[in-house]
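# Overview (structure and organization)
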Amino acid sequence: MLTVNAYAAPSASEALVPTTIERRDVGAHDVLIEIKYAGICHSDIHTVRGDWGPQSYPLAPGHEIAGIVTEVGPAVTRHKVGDRVGVGCMVNSCRECENCRKGEEQYCLKGMTGTYGAVDRDGTITQGGYSTHVVVTEDFVVRIPEGIELDAAAPLLCAGITTYSPLRHWGAGPGKKVAVVGLGGLGHMAVKLAHAMGAEVTVLSQSLKKMEDGLRLGADSYFATSDPATFEELARSFDLIINTVSAPIDISSYLQLLTLDGALVNVGAPAEPLPVNVFSLITGRRSFAGSAIGGIRETQEMLDFCAEHGLGAEIEVIPADKINDAYERVLASDVRYRFVIDSSTLG
Ligand code: NAP
Ligand code: ZN
Ligand code: ZN
C-alpha cells in the first residue's frame, strides 16, 4: 500500500482539506502514475456536495488526470515508465458486457467503476485525482500525445471526451450548424472541437461577457440567452445543440432552435429533472438526448485529434490551497475555462 498526499472533502458540507489516502500495490496489470495536473470538473462539485446522492467520505475527487508513469506491473504491455498518460472518469468496467465489448465502457451494463466515489473490485471506495499518485489498471490509462502540454491535456480527459463523443455521434462537421449552451469547462472544449471538425459553431451564453473569448476559441457567432430576441432570431436554425449547463434551463425553448430532425444533447447533469413540452419535439421531429463521457478507445481518438489540431484546454493552473476558492468561482460561472491543480503543491 502506498500512502499519498491528497485533498479531500470530509463531508458534503465542508471545504476540502489536505489529507492522505491509500493507493493499492501495483498489481500485474497496473500502472502507477505520478499525477502532475488534475482538472476541476463541475461534476467534482456536484459529487462532493451530494447533489447526485449520498457519498462515502472523506472523498478526494478529480477525474481529469495527467501524469507520468513511474512503475508498471509485470504483465503491463500498453505503457512503460516515463510515458505521459491520462486517466478520465472511469478506472474499470466489467469488460464483458455488450457495451464494454463495443468499447462503450462508460455504459457498462454492470456499471463502470468511477475514478472516485465508486466501489472498486476489492471493495474499497475509489479516490480521485486531487492527489499525487494513482494506481490504475493499464486498459483504463490513455496516452497523452507529445504535442499537448500535460496541464492543458488534463481537462481533455473529461471535458474533452464528454463533448467530443456526442459531436462525433451526432455528426458535427462541414455543413452542420452546432450550438453550444454554456461557455464553461465543457462548453469551451465543445466550441474548439466542433470548430476543428468543420461545423459552424454558435455559443449560447447567459450574457455577452465572454463573447471575445468565444469567437477566439472558434465560434462563428455568439448570443446571450438572457435576451428573448435570441430565441426568435435563432428559431429552427441548428442541427445539433450541446447543452453543457450545470443547472436546470428551459429545455423546450432551446428545442425550438433546432431544425427538422435536429437533436439537443444534454451533457450537463443538474440534479433536478428537466421538464419538456412535447410540442417542442413533435413540431420538428426533434430529439432530446443525453450522453456520458466516452469510451477508452474514443478517448484516445479524441486526444490524438486534439494533438493533430493543436487543441488543449484554456486553463488557470492553481495550487492545491486554492481548490475551495476555485469551487466558488466555478459555481459563479467565473472560470476561464478550466481550473487545473498543480499536483506538486499537494505537499
Ligand atoms: P462549468 O465549467 O461550471 O460550466 C457550466 C456553464 O454553464 C457555465 O460556465 C455557464 O456558462 C453555464 N451556466 C451555469 N449556471 C447556469 C444557469 N443557472 N443558467 C444558465 N447557464 C448556466 O461546468 P462543467 O465542468 O463544464 O460541467 C457542466 C455540467 O456538465 C455539469 O453539470 C457537470 O456535472 C456535467 N458533466 C457531465 C458529463 C457527462 O458525462 N455527461 C461529464 C462532465 C461534466 P455561461 O456563463 O456561458 O452561461
Ligand atoms: Zn468531469
Ligand atoms: Zn460491461
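Scoring rules and cut-offs
Along each chain, the written sequence defines residue order, and numbers are assigned to residues from 1. Written order determines the labels here, with chains lettered from A and ligands numbered from 1. In keeping with the predicted nature of the model, local features appear solely for residues at pLDDT of at least 70, side-chain atom pairs appear and are counted solely at 80 or more, and the whole-chain, interface and lining totals rest on all residues. The basis for every side-chain value is the complete set of heavy atoms in the structure, and neither hydrogens nor water enter the calculation. A run of H or I in DSSP becomes a helix once it reaches four residues, and a run of E becomes a strand once it reaches two; helices and strands are each numbered from the N terminus. In protein, a polar contact means a hydrogen-donor-capable atom and an acceptor-capable atom, both N or O and within 3.5 Å, with residues adjacent in sequence counting only if both atoms are side-chain atoms; elsewhere, any N or O pair within 3.5 Å suffices. Note on donors: an N, O or S atom is included if it sits within 2.8 Å of the metal, or within 3.2 Å for Na, K and Ca, and water is never included, so sites can look incomplete. Here's how the labels work: a residue is buried when its accessible area is under 20% of the maximum for its type, exposed when over 50%, partly exposed in between, all with a 1.4 Å probe on protein chains only. Surface patches are defined over residues having more than 30% relative accessible area and no salt bridge, joining like charges when they lie within 9 Å and nonpolar side chains (Val, Leu, Ile, Met, Phe, Trp, Tyr) when within 5 Å. To be clear on the numbers: accessible area is Shrake-Rupley with a 1.4 Å probe, and residue cover counts the displayed protein chains and nothing else. Within this document, salt bridges are pairs made up of a side-chain nitrogen of Lys or Arg and a carboxyl oxygen of Asp or Glu, the two lying within 4 Å of each other. If even one non-hydrogen atom of a residue comes within 4 Å of a molecule or strand, that residue is called near it. For the domains described, the bounds stem from an automatic or database domain assignment. Using only the protein atoms, space was sampled on a 1 Å grid; points where a 1.4 Å probe fits but cannot get out form cavities, open sets with protein on both sides within 12 Å along at least five of seven lines form pockets, and lining residues are those with an atom within 4 Å of a point. Grid points are joined across faces, edges and corners, and a volume is the space filled by probe spheres set on the points. By the convention used here, residues are in contact when the closest approach between their heavy atoms is within 4.5 Å. Here's the idea: put two parts together, see how much 1.4 Å probe accessible area each one loses, and the total over both is what we call buried area. Strand pairing requires that DSSP identify at least two bridges connecting the strands. The convention used is that axes are lines fitted to C-alpha atoms, helices contributing only their stretch in contact, and that angles between N-to-C directions extend from 0 to 180 degrees. Only two sets of limits are used to name each site, 85 to 135 degrees for every angle of a tetrahedral four-donor site, and over 155 degrees for opposite donors with all other angles from 65 to 115 for a square planar four-donor or octahedral six-donor site, with any other site named irregular.

### Section: the environment of Asp-122
The residue Asp-122 is located in the loop between strand 7 (113–114) and strand 8 (133–137) in this model. The spatial distance from the C-alpha of Asp-122 to the C-alpha of Arg-24 is 9.7 Å, given a sequence separation of 98 residues. A distance of 2.6 Å separates the side chain of Asp-122 from the side chain of Thr-124, its partner in a polar contact.

### Focus on the coordination of the zinc ion (ligand 2)
Around the zinc ion (ligand 2), the protein contributes the donor atoms Cys-41 (SG), His-63 (NE2) and Cys-158 (SG), which lie 2.0 to 2.3 Å from the metal centre. The motif formed by the donor residues of the zinc ion (ligand 2), counted along the single chain, is C-x21-H-x94-C. Within this pair, whereas His-63 is found in the loop between helix 1 (42–48) and strand 4 (65–72), its partner Cys-158 is found in the loop between helix 3 (150–153) and helix 4 (159–169), the two being separated by 95 residues in sequence. One exposure class covers both His-63 and Cys-158, and it is buried.

### Side note on a nonpolar patch on the surface
Residues Val-278, Phe-279 and Ile-282 make up a contiguous nonpolar surface patch of about 330 Å² in total accessible area. By secondary structure assignment, the location of Val-278 is in the loop between strand 14 (258–266) and helix 9 (279–282).

### Some details on the site of ligand 1
Near ligand 1 there are 30 residues, and of these His-42, Leu-183, Ser-205, Lys-210 and Arg-338 occur at the shortest range. Within the backbone of Leu-183, a nitrogen or oxygen atom sits 2.7 Å from an oxygen atom of ligand 1. Considered on its own, ligand 1 offers 920 Å² of accessible surface; in the complex 88% of this is hidden by protein. Going through the elements one at a time, helix 1 and helix 5 (185–196) are the ones with two or more residues in the shell around ligand 1. Broken down by element, the residue count for the shell around ligand 1 peaks at 3 residues, all from helix 1. In this structure, the shell around ligand 1 is formed jointly by two domains, domain 1 (2–158 + 294–346) and domain 2 (162–290), each of which donates at least three residues.

### Focus: empty space enclosed by the protein
Under the definition given, this model contains 1 cavity of 30 Å³ or more. Each pocket or cavity is described by its volume, and for the largest cavity that value is around 80 Å³. If you trace the largest cavity, you find it lined by Val-87, Gly-88, Cys-89, Met-90, Phe-140, Val-142, Leu-157, Ile-161, Ile-293, Gly-294, Ile-296 and Thr-299.

### Focus: the domain arrangement of the chain
Under the domain assignment, the chain is made up of domain 1 (2–158 + 294–346) and domain 2 (162–290). Computed from C-alpha atoms alone, the centre-to-centre distance between domain 1 and domain 2 is 27 Å. Each side of the interface is counted separately: domain 1 has 21 residues, and domain 2 has 24 residues. Between domain 1 and domain 2, roughly 2,000 Å² of surface is buried when both sides are summed, and carbon and sulfur atoms account for 56% of that area.

### What about the sheet that holds strand 10 (residues 177–181)?
As summarised here, the arrangement of the 6 strands in space is 12-11-10-13-14-15, forming an open sheet in which the pairing is parallel. Each end of this open sheet is capped by a strand with a single partner; those strands are strand 12 (221–224) and strand 15 (287–290). Between one strand axis and the next, the sheet turns through 20° on average, direction left out of account. For strand 13 (residues 238–243) and strand 14, the ladder comprises 5 bridges, and the chain directions are parallel.

### A look at the side chain of His-46
One can find His-46 in helix 1. Given a relative accessible area of 5%, His-46 falls into the buried group. For His-46, the residues in contact, after removing those within four places along its chain, are Asp-51, Trp-52, Ser-246, Ala-269 and Pro-270.

### So, the coordination of the zinc ion (ligand 3)
Bound to the zinc ion (ligand 3) on the protein side are Cys-94 (SG), Cys-97 (SG), Cys-100 (SG) and Cys-108 (SG), at distances that span 2.3 to 2.4 Å. Coordination geometry of the zinc ion (ligand 3): the 4 donor atoms subtend angles of 103 to 120° at the metal centre, consistent with an arrangement described as tetrahedral. Of note, the donors binding the zinc ion (ligand 3) are all from one chain and are spaced C-x2-C-x2-C-x7-C. Each member of the pair Cys-94 and Cys-97 is classed as buried.

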